[in-house]
Amino acid sequence: MRKAFKPAPWLFPQPVTIIAAYDKDGNIDAMNAAWVGQGGNTQIIAELTPTHGTVKNFLETGAFTIAFADAAHEWEADYLGMTSANNVPDKFEKSGLTATKSEVVNAPVINEFPLALECEVTSYDKETQILKGEIKGITADESVLDADGTINPEKLEAIVFDPIKHGYYKLGEKVGNAFKDGTEPKK
């Protein structure tokens, strides 16, 4: 028997993403953003309220990065989501994180998070609160790469958000092969 629930934001898992941008003076601002997805090969889509300082900043600069939070930096990721730069202007500095300027867009890449998408703003609708961006580059720390140069999800130790019980979980072991297992007889 199944139990019925009212509609709720329960899409699981949700990657814990950190959106970072420079403000007009070149200071770094970053926020934890839950409602982020990808549409097609290079389009990022996110729902972000216009009251966030980070939204104001990426609209001014036209660029942002998206980092994938990892297990080693869960506290920092949560801090960036719990603290508003509108109230704590130096929240990025207080997080203890550091950043380097992206080589392809005018936005900071957070050094401690091992995977980042570097994006340009293509549109933002204040009414629907939908941000669309185009991925212009991707950088990954060598510590999360396999010998063949591809990203290893187990080394990445990305965390996901559970919107039902408000927990963070580290992605675990590989359980199958996408675009392959379904072509073979079921075991």
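Remember, it's a predicted structure, so these values are computed and weren't measured experimentally.

## As for the overall build of the protein
Counting its regular elements, the protein contains 4 helices and 12 strands. By its C-alpha atoms, the protein is 60 × 45 × 30 Å across when sized along the principal axes. Side-chain charges of the protein comprise 18 positive and 28 negative groups, with the mean position of each set lying 9 Å from the other.

## Observations concerning the packing of aromatic side chains
One pair of aromatic rings is described through two measures. These are the centre distance and the angle between the planes. Counted according to the given criterion, the structure contains 6 aromatic pairs. Geometrically, the ring pair formed by phenylalanine 58 and phenylalanine 64 is tilted, given 5.5 Å between the ring centres and 45° between the ring planes. Each member of the pair, phenylalanine 58 together with phenylalanine 64, is buried. An aromatic cluster is present here, built from Phe58, Phe64 and Tyr124 joined pairwise through their rings.

## What to know about the layout of surface pockets
Quantified by volume, the largest pocket comes out at close to 510 Å³. Residue lining of the largest pocket: 32 residues in total, with Asn32, Ala33, Ala34, His52 and Gly81 positioned closest to the centre. Among the secondary structure elements, those contributing two or more residues to the lining of the largest pocket are strand E3 (28-33), helix H1 (53-61) and helix H2 (74-82).

What counts, and where the lines are drawn
- Numbering of residues starts from 1 in every chain and runs along the sequence as written.
- Since the coordinates come from a predicted model, pLDDT governs what is reported: local features require at least 70, and pairs of side-chain atoms require 80 or more to be given and counted, while whole-chain, interface and lining totals use all residues.
- Heavy atoms from the whole structure form the basis of all side-chain values; hydrogens and water molecules are not counted.
- Secondary structure elements follow DSSP: runs of H or I no shorter than four residues count as helices, runs of E no shorter than two count as strands, and numbering proceeds from the N terminus.
- In this tally, Asp and Glu contribute negative charge and Lys and Arg positive charge; neither His nor the terminal groups of the chain are included.
- Every charge is mapped onto a representative atom, which is NZ of Lys, CZ of Arg, CG of Asp or CD of Glu.
- Each pair of aromatic rings taken from Phe, Tyr and Trp, with Trp reduced to its six-membered ring, is defined by centres within 6.5 Å and is described as stacked if the planes are under 30 degrees apart, edge-to-face if over 60, and tilted in the remaining cases.
- Three exposure classes are used, based on accessible area relative to the maximum for each residue type with a 1.4 Å probe and protein chains only: buried under 20%, partly exposed in between, and exposed over 50%.
- The pocket and cavity definitions rest on a 1 Å grid over protein atoms only: a 1.4 Å probe that fits but cannot leave marks a cavity, an open set with protein on both sides within 12 Å along at least five of seven lines marks a pocket, and residues lining either have an atom within 4 Å of a point.
- Grid points are joined across faces, edges and corners, and a volume is the space filled by probe spheres set on the points.

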